[in-house]
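# Chain and residue survey
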Amino acid sequence: MTGTAFAGEELDNRRRKLLFRSWHRGIREMDLILGGFADAGLATLTDAELDQYEHLLELQDADLLAWVTGTNPVPAAFDTPLLKKIMASRAA
């Protein structure tokens, strides 16, 4: 399966764009991690969390993947509850 199974029609424009960006990263592993997270939880994120998520999507896939997989420690500036949610969503 490639990409989201979540149609997203009930999402507002901002969330639809974030859903698309989550599934079209560049590294397939990050598509699956961020896309799966977006499918499951994007609709319930607060505006502040959406701001944080947009900021995370600007980062390099290699950095995000290293943090999420535990290969590299998460820098303090990015060690947020939202990133912890994303990391926890992998275990679910």
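How each quantity is defined
- Residue numbers here run from 1 along each chain, matching the order of that chain's written sequence.
- At least 70 in pLDDT is required for a residue's local features to be given in this predicted model, at least 80 for side-chain atom pairs to be given and counted, and no such filter applies to totals for whole chains, interfaces and linings, which use all residues.
- Hydrogens and water are ignored here; the side-chain numbers use all heavy atoms of the structure.
- Counting from the N terminus, the helices are the DSSP runs of H or I reaching at least four residues and the strands are the DSSP runs of E reaching at least two.
- Only protein chains enter the accessibility calculation, which uses a 1.4 Å probe; a residue is then buried when its area is under 20% of its type maximum, exposed when over 50%, and partly exposed in between.
- Contact definition: two residues touch when any of their heavy atoms are within 4.5 Å.
- Surface accessibility in these figures is a Shrake-Rupley result with a 1.4 Å probe; residues are shielded only by whichever protein chains are displayed.
- Any pair of N or O atoms that falls within 3.5 Å is considered a polar contact. Within protein, one atom must be able to donate a hydrogen and the other to accept it, and sequence-neighbouring residues count only if both atoms are side-chain atoms.
- Directions drawn from the helix axis to the C-beta atoms are what define this arc.

## A word on the overall build of the chain
- Each helix and strand counted, the chain has five helices and zero strands in total.
- When the helices and strands of the chain are read in sequence order from the N terminus, they spell out α-α-α-α-α.
- Each of the 92 residues in the chain was classed as buried or not, and the buried ones make up 38%.
- Considering only intrachain contacts with a sequence separation of at least 6, the fraction spanning at least 24 residues in the chain is 54%.
- With the model as given, the accessible surface of the chain reaches about 5,300 Å², and the carbon-plus-sulfur share is 57%.

## A look at the environment of Leu64
- For Leu64, the location among the structural elements is in helix H4 (residues 61–69).
- A residue is classified by how much of its surface remains accessible, and Leu64, at 3% relative accessible area, is buried.
- For the pair formed by Leu64 and Val74, sequence separation is 10 residues and the distance between their alpha carbons is 8.7 Å.
- Setting aside anything within four residues of it in sequence, one finds Leu64 in contact with Arg25, Met30, Leu34, Leu56 and Leu59.

## Focus on the side chain of Arg15
- Tracing the backbone through its elements, the reader meets Arg15 in helix H1 (residues 13–23).
- Of note is the side chain of Arg15, whose polar atom sits 2.5 Å from the backbone oxygen of Leu45.
- If we skip the residues at most four places from it in the chain, Arg15 touches Leu42, Ala43, Leu45 and Leu50.

## Here's the deal with H1
- Those residues of H1 that sit buried are Arg15, Leu18, Leu19, Ser22 and Trp23. Seen along its axis, H1 keeps its buried residues to an arc of 130 degrees; they face one direction. For H1, exposure combined with an orientation more than 90 degrees from the buried face picks out Lys17 and Phe20.
- Packed against the buried residues of H1 are helix H2 (28–41) and helix H3 (47–57).
- You can read the cap of H1 off the contacts: a side-chain oxygen lies 3.1 Å from the backbone nitrogen of Arg14, and it is on Asp12.

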